[in-house]
Amino acid sequence: MTVRLRTFFMLLVAGGLISSCLWAQPARLPFEFNHIQEQQGLSFNQINCFFQDRDGYFWVGTMNGLNRFDGNSFTVFKHNPADSNSIGHNSVYSICQDREGHIWLGTGKGISQFNHESGRFINFKRVNGQLLEECVNILCDRTGDIWFSQRGRGLCRYQVTAKRFADFKADTSRAWGLASNYISRVGLVEDPHRNGIWMTTLDRGIHYYDKATGRFHNARYNPDKLPIFNNHFTSSLGVDQQGRVMYADNYDERIVLFDTKNRTIADTIGLRTPTGTSPFPIAALLMDRSGNLWVSSRNRAIYYRDARTHRTTEIAYNEDHKTSPADKYFIAAWQHPDGSVWLGTTNGISYTNPEKAFYRIHNIGALFPGVNANRGINCIVEDEDGSWWLSTASQEVMHYYPATAQLKVYKIPSAQPDEGGFGHPVLGFSKDRRKLFVAMSTELWVFDKKSLTFSQLPSAGTLIKRLNGVSAMLVQDDDLWLFGSRQLGSIRYHIPSSTWKEVPMPYKSKDQTKAFVRTVMTDTSNTLWLDVFPDGFARFSSQEGKFLAVTPRNAIEYEENFFFFKIDRHNQLWMPVNGYGLVRYDPRTNTYRLWTEHDGLGANMVQAVCPDRYGKIWISAYNKFSVFNPVNNQFRNFSIPVFPEGSYYENYMFSLRNGNILSTLKGYVVEFMPDRINAKSPPAKVLISSLVLPDTHRLVYAGMPTVDLDVDDRTFSINYSVMTVPQRNYKYLYKLDGYDDKWIEAGSRTVANYTRIPGGNYTFRVKAVAAEVETPETTLAVHVNTEFYNMFWFRALLGLGLVGLIILFYRYRTQQTKQVHHLQVQATRLERDKTAMQYQNLINHLNPHFLFNSLTSLNSLIITEPKQASRFLQKLSAIYRYILQNKEKETVSLEHELTFVNHYIDLQKSRFEEGLQINIDVPEQYMSSHIVPVTLQNLFENAIKHNIIDDENPLVIRVYIDNEYLCVANTLQKKHFVETSNQQGLDSLKSLYSYLSDRPISIAEEEDQFIVKLPLL
């Protein structure tokens, strides 16, 4: 028997079947998860709870901070010991919203209310004088009351209107009291139909609190004999899509669905994997809108139960696999309105959308590691049963069953080395689908699907040598086409008759040794098209029986870089041009067109393309993909979280009969489902999340009144987003009514920036477009205060002020004209008075009596005292010199006037001797002040002229300063007759001083003295 088996094996080897292996793919990921973690702005990776408020914002409670997520960015709230209005504690376990829109939190130290209007927190840390501990559940009922539970400390209620707390503890004295203080986490919900609260406990089963009677229904008190009350370990309380209360009975290991309306158990669900593993006890539970269950086990594993198949499978965690959940355990779960499921793990948020997943990853390399050698998978053809045949450059043909993830591998019995170049082997089915043609560089094999054996076609080897190797192959009905290089170019093999025919190629290159056919395809009319390197395109003319060269009108330099073109339903040729972008050749216009990253293409390193049945073009560039819509000229770009080791591989794309598209990534095959990506989704809502000023951040909420900005806040930014991920699927448009004339196309950018906006009232509008569906507009009213100088009242006041200024200016000019006229009159009068004064001075000093008396005194002195006579004469000369030198001046310094008047005093004393006594007392600081020239001499002369002078009754004249006045006072001993007095000297002096000073001259005659006060100038 052993010999026979060995012989049989040797025959198989001789027949070319080296190996036929069957692998079943190990537990593979049914879902592709994406992640949101601290590096994306989340305050902390350990998630406690999720909540979406009525405005659409998504709240995330973590062990270190509260987060509000708008789909693009997080606003983080943390406790600040210096701010009593900050959140009370950073650990947030549960979130709810009251009827006024305020957010309530169960935290590590009590409960907190976030007032969305003021942006402040109100923290409650005591209940009836007792400190609150970890509040792991919180909800707001339909009447507005807040219910919350502490870990191991029972249930509490806060009546918001009355501002009163009620505390419920375990009570063994009354059957209808609370049976346990240990309410489980995620264990508090309001009855959807009745006026009561449901809760799960860790040791006394599920409880129901009837608010009408104030009694707890449980295993101990069950007047209605409901079948759900027992003393089991229960957890994970929730309400499903049909309004049924759902919880985990960890003792019986089942999920219970209780119809609260009919008060019956609607269903129980057991959860066991095919291997017998149980997820109980359960930490968290979510039933999505399709009825599928997402389960987190306290044993640190995640399970999924399919509602259709009732099959429970474990969602494996693999820290090296980026598409697995972020951790083995989640405590929070939520389904987005778009169908995606969000799991809050201890390592961030993981989300997946089984409803809209438009691709599936097949890890062929995990089933057969040899596929990762060289360039990986390079060709795929679909069989009748929907299975796939794949080839690699390492000379294997693989048969893969995507429905069951099974793989069979067949080694090609070739003597040639492994294919080093790309694109080999090439596969193609015969018309009857019984045989698979396998073209290698120098060999052509036929694989019989029934016998699972390889064989070679007669004379194929000789003809392939004439082609200088096979570069491309295509099965067209009953014909097998082989293409290569050299002038022979192509061979047409008629399969039924097993005959060969050579078809020459229209090579245009001078060096035909370098020319070869890279790609061959048929269009909708079954016409054969070739990509000939480096000449361009050629097509087969059935009438002429030969290939005709195609010369486009706008030949382009990158024709040599074309790489495996595909033909769409309009017979247009689409080509990836590595390093350049996407190229289309339109046979109707005989022209090329290029799209690059500047046009929205995800990457210019395009390696493969494939049209879908909807007319869109799928484009691959390693793990980056684009979907191009030629109708509106728009790209949708995304990436696949698969990163093959090394970059030495190419993408190849193929279409399936069901419309799906396959793309290779070395050892991976990505199966795209265009029908899902082309399905239109209901329009989402754009959220305006915040208005940001240079020094502050204002949160925005629905129904928010007008945002008032000060004059200094004219530069601001407005953040907006759709509450979904990824954001790159959305294109945003916004405008500020009253400022922007048209809609601004923001692309995927989620912020609008405005600088130095004028004062006024504005309305900010934003909308989004995704998959050709436009969302409704979201608006925000903004008022910017106007600078006071631009206000109407200020401009009116300014106008009145200008009118007043004009009037004042007119009156001022009129007054100035009058004053100038007055001054002119005064100047004329002054000039006249000055002339009169000067004339009077000359009269005084040229008075014959003064001159006679002076000459008589001089004559006496000449005889008796010649030296004294000389000095007398000098002083007399100084007097007349001073008068002549200053006769044109209006003022002189007091120092000069006193020097001058001392000469005059000396002359007079030589005449009157002891009969004339003059005392001058002027402080030094007044010497720089000014007076009218010869004023003192005139006043002294006036005193001497009008008073009696003798030795017994001397005339005493005092000069002193009093309150900025120069005072001249003389004793009063009047003469009865005064010679040469015209009574105008003092009047002229007063007139002159009124011109020079605002202060008048003061003249006073008292009983015993005469005083003249002159203002110092």
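Everything discussed here concerns the structure shown above.
In this report, the structure presented in the accompanying data block is examined. (Residues numbered from 1 in each chain as written. Predicted model: local features only at pLDDT ≥ 70, side-chain atom pairs only at ≥ 80, totals over all residues. Heavy atoms only, no water.)

## Regarding helix α3 (residues 460-467)
Now for step 1: Within the sequence span of α3, burial applies to Ala460, Leu463, Ile464 and Leu467. The buried residues of α3 all sit within an arc of 100° when viewed along its axis, so they share a single face. Turned more than 90 degrees away from the buried face of α3, the exposed residues are Thr462 and Lys465.
Now for step 2: Tucked into the core, α3 has its buried residues touching β39 (444-448), β42 (479-483), β43 (490-494) and β44 (499-503).
Now for step 3: Immediately beyond the C-terminal end of α3, within one or two residues, lies Asn468, with a positive phi of roughly 60°. (Buried < 20%, exposed > 50% of the residue type's maximum accessible area, 1.4 Å probe, protein only. Helix = DSSP H or I, 4+ residues; strand = E, 2+ residues; numbered from the N terminus. Arc of directions from axis to C-beta. Contact = heavy atoms within 4.5 Å.)

## A few points about unusual backbone geometry
Now for step 1: Look at the link from Phe280 to Pro281: it is a cis peptide, with omega at -5°.
Now for step 2: With respect to the element layout, Pro281 can be found in the loop between β24 (264-269) and β25 (282-287).
Now for step 3: One non-glycine residue, Lys666, adopts positive backbone phi at about 60°.
Now for step 4: Using a relative accessible area of 9% as the deciding quantity, one classes Lys666 as buried.
Now for step 5: Although it is not a glycine, Asn963 adopts a positive phi angle of roughly 55°.
Now for step 6: Mapped onto the elements of the fold, Asn963 is located in the loop between β73 (955-962) and β74 (965-971).

## Topic: helix α8 (residues 894-912)
Now for step 1: Taking 1.5 Å per residue as the helical rise, α8 with its 19 residues ought to reach 27 Å, and the 26 Å between its terminal C-alpha atoms agrees with that figure.
Now for step 2: For α8, the complete set of buried residues consists of Leu894, Glu897, Leu898, Phe900, Val901, Tyr904, Ile905, Leu907, Gln908 and Phe912.
Now for step 3: Downstream of α8 by one or two residues, Glu913 has phi in the positive range, about 50°. (Expected span 1.5 Å × (residues − 1).)

## Notes on a nonpolar patch on the surface
Now for step 1: Taken together, the side chains of Leu798, Leu802, Leu805 and Leu808 define a hydrophobic patch exposed on the protein surface, amounting to about 390 Å² of accessible area.
Now for step 2: Given the relative accessible area of 52%, Leu805 is considered exposed. (Patch = residues over 30% accessible without salt bridge, like charges linked within 9 Å, V, L, I, M, F, W, Y side chains within 5 Å. Areas by Shrake-Rupley, 256 points an atom, 1.4 Å probe, with all protein chains shown as cover. Salt bridge = Lys/Arg side-chain N within 4 Å of Asp/Glu carboxyl O.)

## Quick notes on the pairing of strand β54 (residues 617-621)
For a regular strand, side chains alternate in direction, first toward one face of the sheet and then toward the other.
Now for step 1: Counting buried positions along β54 gives 5 out of 5 residues, so the element sits mostly inside the fold.
Now for step 2: Residues Ile617, Ile619 and Ala621 line one face of β54 and the alternating positions Trp618 and Ser620 line the opposite face, and both faces are buried.
Now for step 3: Pairing geometry for strand β53 (residues 608-611) and β54, over 4 bridges, is antiparallel. Residue pairing across strands places Ala608 opposite Ser620, the latter belonging to β54.
Now for step 4: Count of turn residues in the β53/β54 antiparallel hairpin: 5 residues, of which Gly615 carries a positive phi of about 90°. (Pairing = 2+ DSSP bridges.)

## Re the pairing of strand β52 (residues 591-595)
Now for step 1: Relative to β52, strand β51 (residues 581-586) runs antiparallel, the two being bridged by 5 bridges. What sits directly across from Tyr585, in β52, is Tyr592.
Now for step 2: Linking β51 to β52, which pair antiparallel, is a turn of 4 residues; within it Asn590 sits at a positive phi near 55°.

## Points about empty space enclosed by the protein
Space left empty within the atom packing is revealed by a probe, the size of a water molecule, rolled over the atoms.
Now for step 1: Within the structure shown, the criterion is met by 4 cavities of 30 Å³ or more.
Now for step 2: Here the largest cavity is characterised by a volume of approximately 80 Å³.
Now for step 3: Asp53, Trp59, Arg68, His116 and Tyr701 are the residues nearest the centre of the largest cavity, which is lined by 13 residues in total.
Now for step 4: Of the residues assigned to the lining of the largest cavity, the class counts are 7 nonpolar, 3 polar and 3 charged. (1 Å grid on protein atoms, 1.4 Å probe; cavity = no way out; pocket = protein on both sides within 12 Å on 5 of 7 lines; lining within 4 Å. Points joined across faces, edges and corners; volume = space filled by probe spheres on them. Nonpolar A, V, L, I, M, F, W, Y, C, P; charged D, E, K, R; others polar.)

## Thoughts on the pattern of salt bridges
Now for step 1: Summed over the entire model, instances satisfying the criterion amount to 27 salt bridges.
Now for step 2: When the shortest N-O distance is used, the salt bridge between Asp167 and Lys169 registers 3.7 Å.
Now for step 3: Among the residues examined, Asp167 registers a relative accessible area of 29% and is labelled partly exposed.
Now for step 4: Between Asp586 and Arg588 there is a salt bridge; the shortest N-O distance is 3.3 Å.
Now for step 5: According to the relative accessible area criterion, Asp586 is buried, its value standing at 7%.

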